[in-house]
Amino acid sequence: MVPEDIYGRASMAKPTTKYSAWNLFRQGMSHTPWTRVWDHHELKSSYDVVIIGGGVHGLATAYYLARNHGITDVAIVEKSYIGSGGSGRNTAIVRSNYLTSEGSRFYDRSVKLYEGLADDVNFNVMFEQRGHMTLAHSDASLRTMRWRAEVNKLEGIDSSVISPEAIKELAPYLDVTDHPRYPILGALWHPPGGIIRHDAVVWGYARAANAMGAHIHQETEVTGIDVADGRVTAVQTSRGPIATETVINCTAGWASLVAAMAGVTLPITTRPLQAAVTEPVKAFLHPVIVSGSLHTYVSQTSRGELVFGASVDPFASYSTRGSLEFTTGLATHVLELMPAIANMRMLRQWAGLCDMTPDFGPIIGPTPVEGFYVDVGWGTYGFKAGPVAGESVADMIANGRPGELIETFGLDRFESGTLTAEKGAAAVGH
Amino acid sequence: MLVILCPNCGPRNSDEFTYQGELRSRPDVNATDPAEWRRYLYMRSNEAGWVSERWFHVSGCRRYLLIERNNVSNEIRDVEVVGGEQA
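Just so it is clear, the model here is predicted, and its values are computed rather than measured.

Right, let's get into the overall build of chain A. When helices and strands are counted, chain A shows eleven helices and 19 strands. Taken over C-alpha atoms, the radius of gyration comes to 22 Å for chain A, in line with the 22 Å a tight globule of 430 residues would show. Each principal axis of the C-alpha atoms in chain A carries an extent, and together these give about 70 × 60 × 40 Å. The proportion of buried residues among the 430 residues of chain A is 50%. Long-range contacts, defined as pairs at least 24 residues apart, comprise 76% of the intrachain contacts of chain A with a sequence gap of at least 6.

Structure follows, in structure tokens:
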């Protein structure tokens, strides 16, 4: 029987066609449709591993489980479509210039994986390493940037403090005079940072994980997690139960609610973060510009739109509605940086849900419930960590314990009081 | 935009308030242990739907308020001054 997808179309059970110039030509001449990027599968009654959340973290975990450890009896259950949450709502910035050694090491691995991702999964993820520039508007932030640059250099990461003259050369439209209320005194310059096509990352991982045997179940909502004698036994979904001994919570926004199904409480508060995009214009802004004091970051996409992001909203909410305060605040701040764009029109704004933790570090590791793992608490820095989180979680599942890169990010740190100190390196003030 | 009907000041934009988080019960400081205290400090139920939370009217009457808000729809159904008294 040929299985049907959620829209009733028969799924083609052909092997995945490799994306190459030759196949593009051949496919164009043959007038046959491309094979589906990922297949539709019936929900099996049991899987070795069930991953909750079909975003970059969940899909990357499935991919590395199959590629690095040969674990392919894996289901990814997603209540909407893949990449519909934080993976499709972030501002697609990738960088590794964090404040702590463990943070820098971790994100540097992610940048390295992103650099090789297009070849790795045979999907053009359009990673553009245009450089990432964090502006300093006060002596205090200049001092923090020197500190960050030194920590980064020790970890072998390209990162340095540059002068307003050098800033002007890299981004001529920035106002580096002493006229603005918050004049630009210097910047932390991080050449390997840049932007990437976030949907392509999701699709690339989905296609590669699917090709190696993982089952992607979209429109499948988790409604409960069965625990017996402190062990996970099954996941209840809107399409039926799945018996399993390993469940990974890879959700953002709903992390607390999913964990509560297994009886696990998390130190998370969910807050929306809003972003906006302008009409497309000719390329004029090459690097990614971040200003902590002005609570904003901006980059120009390859299509020419300016993408802006801000800090999280001032109160907790599960709502993804935009607010007027955000738009007016953003416009005011951005014009402080680049007065020349005053006449550009905004196309749209949106919000994504950010799971904020007390120390602005993620939570990766086992929980008091055996077999129930979390990869959550990704705040405003989850997308850029997708590959390394997937690789580390897959390694943890295969080896039964967290590896060196993630051992400081366990849930138990909130019980023992050994919090991480990453707050100073969040892109904009929280 | 969120409008909060302050019992002292009337309807005001949420910009005037600071959000203090969900309502939690504080353990007795003389009887607690570090693990319980850290649970109180860090752990949150973070429920979706109707929640009770504390806000501070920083640019208004400067009183703490107990607000019942639906954090999915951002609807507010009850605002009380903490302690019940009004300025």
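What follows deals with the interface of chain B and chain A. If you look at the interface, chain B gives 18 residues, while chain A gives 20 residues. At the level of elements, strand S3 (18-22) and helix H1 (34-42) of chain B are the ones that each hand at least two residues to the side of chain B that touches chain A. At four residues, the largest contribution of residues to the side of chain B that touches chain A is made by H1(B). Classifying every residue of the side of chain B that touches chain A by side-chain character gives eight nonpolar, seven polar and three charged.

Before going further, it helps to spend a moment on the sheet that holds strand S4 (residues 132-136) of chain A. Residue and element names in this part refer to chain A. Taken together, eight strands build an open sheet; the order of strands is S5-S6-S4-S14-S15-S16-S13-S17 and the sheet is mixed. Across the chains shown, the open sheet's two edge strands, defined by having one partner strand only, are strand S5 (160-162) and strand S17 (346-356). The average undirected angle you get between the axes of adjacent strands in this sheet is 25°. Note: S5 against strand S6 (residues 186-190), three bridges, orientation antiparallel. Across the sheet, Ile-162 pairs through a bridge with Ala-187, a residue of S6.

On to the packing of helix H4 (residues 101-121) of chain A against helix H10 (residues 386-399) of chain A. Residue and element names in this part refer to chain A. The geometry of H4 relative to H10 is characterised by a closest axis approach of 7 Å and an angle of 105° between their N-to-C directions. Considering the angle they form, H4 stands roughly perpendicular to H10. Every residue of H10 that contacts H4 at Phe-106, Arg-109, Ser-110, Leu-113, Tyr-114 and Leu-117 is listed here: Pro-387, Val-388 and Glu-391. Classifying every residue of the contact of H4 with H10 by side-chain character gives six nonpolar, one polar and two charged.

Moving on, we get to unusual backbone geometry. A positive phi angle is found at A:Ala92, which is not glycine, with a value near 60°. Among the residues examined, A:Ala92 registers 26 C-beta atoms within 10 Å and is labelled buried.

Think of an α-helix as turning once every 3.6 residues; residues three or four places apart then point the same way. Residues and elements named next belong to chain A. For helix H2 (residues 56-69), which comprises 14 residues, the first-to-last C-alpha distance of 19 Å matches the rise-based estimate of 20 Å (1.5 Å per residue) to within 8%. Of all the 14 residues making up H2, eleven are buried; the element is thus mostly covered by neighbouring parts of the structure. All of the buried residues along H2 are Val-56, His-57, Gly-58, Leu-59, Ala-60, Thr-61, Ala-62, Tyr-63, Tyr-64, Leu-65 and Ala-66. Trailing H2 by a residue or two, Gly-70 shows a phi angle of about 65°, which is positive.

Sheet strands line up and pair through hydrogen bonds in the backbone, either parallel or antiparallel. All names here are of chain A. Strand order across the open sheet formed by three strands is S9-S10-S11, with antiparallel pairing between neighbours. At either margin of the open sheet sits one strand with a lone partner, and together these are strand S9 (222-228) and strand S11 (240-243). Averaged over all adjacent pairs, the angle separating strand axes in this sheet is 25°, with direction ignored. Of the pairings in the sheet, the one linking strand S10 (residues 231-237) to S11 comprises four bridges and is antiparallel in character. Residue pairing in the sheet places Gln-236 in a bridge with Pro-241 of S11.

On to the pairing of strand S19 (residues 372-376) of chain A, then. All names here are of chain A. Counted residue by residue, S19 has five buried out of five residues, so it is predominantly covered. With three bridges connecting them, strand S12 (residues 246-249) and S19 associate as parallel partners. Each bridged residue has a counterpart across the sheet, and for Ile-248 the counterpart in S19 is Tyr-373. For strand S18 (residues 363-366) and S19, the ladder comprises four bridges, and the chain directions are antiparallel. Looking at the pairing, Pro-366 lines up with Tyr-373 of S19. Here S18 folds back onto S19 in antiparallel fashion, the turn holding five residues, of which Gly-371 has a positive phi close to 90°.

Examined against the element boundaries, A:Glu115 turns out to sit in helix H4. The spacing of A:Glu115 and A:His190 is 75 residues in sequence and 15 Å in space, taken between C-alpha atoms.

Our focus in this paragraph is the nonpolar core. When a protein is soluble and globular, its nonpolar side chains tend to lie buried together. A:Val50, A:Ile51, A:Leu59, A:Ala62, A:Val74, A:Tyr205 and A:Ile289 are the most contacted members of the largest nonpolar core, which has 117 residues in total. A per-element tally of this core places H2(A) first, with eight residues. Dropping the residues within four chain positions of it, A:Tyr205 is found in contact with A:Val56, A:Leu59, A:Ala60, A:Tyr63 and A:Val121. Residues B:Leu2, B:Ile4, B:Tyr19 and B:Ile67 belong to the second largest nonpolar core, which totals ten residues.

Before going further, it helps to spend a moment on the confidence of the model for chain B. Residues of chain B with pLDDT of at least 70 account for 95%, and the chain-wide mean is 92. Two numbers describe this predicted complex: its pTM, 0.93, and its ipTM, 0.92.

Residue and element names in this part refer to chain A. For Gly-186, the position within the fold is in strand S6. For the pair Gly-186 and Met-133, spaced 53 residues apart in the sequence, the C-alpha separation amounts to 9.6 Å. Once residues within four sequence positions are removed from consideration, Gly-186 is found in contact with Ala-136, Leu-142, Met-145, Val-161, Ile-162, Ser-163 and Pro-164.

Thresholds, definitions, all that
The numbering scheme is per chain: residues are counted from 1 as the chain's sequence reads. The lettering of chains begins at A and the numbering of ligands begins at 1, in the order of writing. Reporting in this predicted model follows two pLDDT cut-offs: at least 70 for local features of residues, and 80 or more for side-chain atom pairs to be given and counted; totals over whole chains, interfaces and linings ignore these cut-offs and use all residues. Secondary structure is summarised from DSSP: a helix means a run of H or I of at least four residues, a strand means a run of E of at least two, and numbering begins at the N terminus for each. Restricting the calculation to C-alpha atoms gives the radius of gyration, and the globule rule supplies 2.2 Å times the number of residues raised to the power 0.38. The exposure scheme places C-beta atoms from the backbone and then counts, for each residue, the other C-beta atoms within 10 Å of its own, assigning buried at 20 or more, exposed at 12 or fewer, and partly exposed in between. Throughout, a pair of residues is in contact if the C-beta atoms placed from their backbones lie within 7 Å. Charged residues are taken to be Asp, Glu, Lys and Arg, nonpolar residues to be Ala, Val, Leu, Ile, Met, Phe, Trp, Tyr, Cys and Pro, and polar residues to be all remaining types, Gly included. Pairing between two strands requires that DSSP report at least two bridges joining them. Note on geometry: axes are C-alpha line fits, over the in-contact stretch for helices, and angles between N-to-C directions span 0 to 180 degrees. Orientation categories follow fixed angle ranges, with anything under 35 degrees roughly parallel, anything over 145 roughly antiparallel, 65 to 115 roughly perpendicular, and all other angles oblique. The span expected for a helix works out to 1.5 Å for each residue beyond the first. Nonpolar core, as used here: buried Ala, Val, Leu, Ile, Met, Phe, Trp, Tyr and Cys residues forming one set through C-beta atoms within 7 Å. As a per-residue measure, pLDDT reflects the predictor's confidence and takes values from 0 up to 100.

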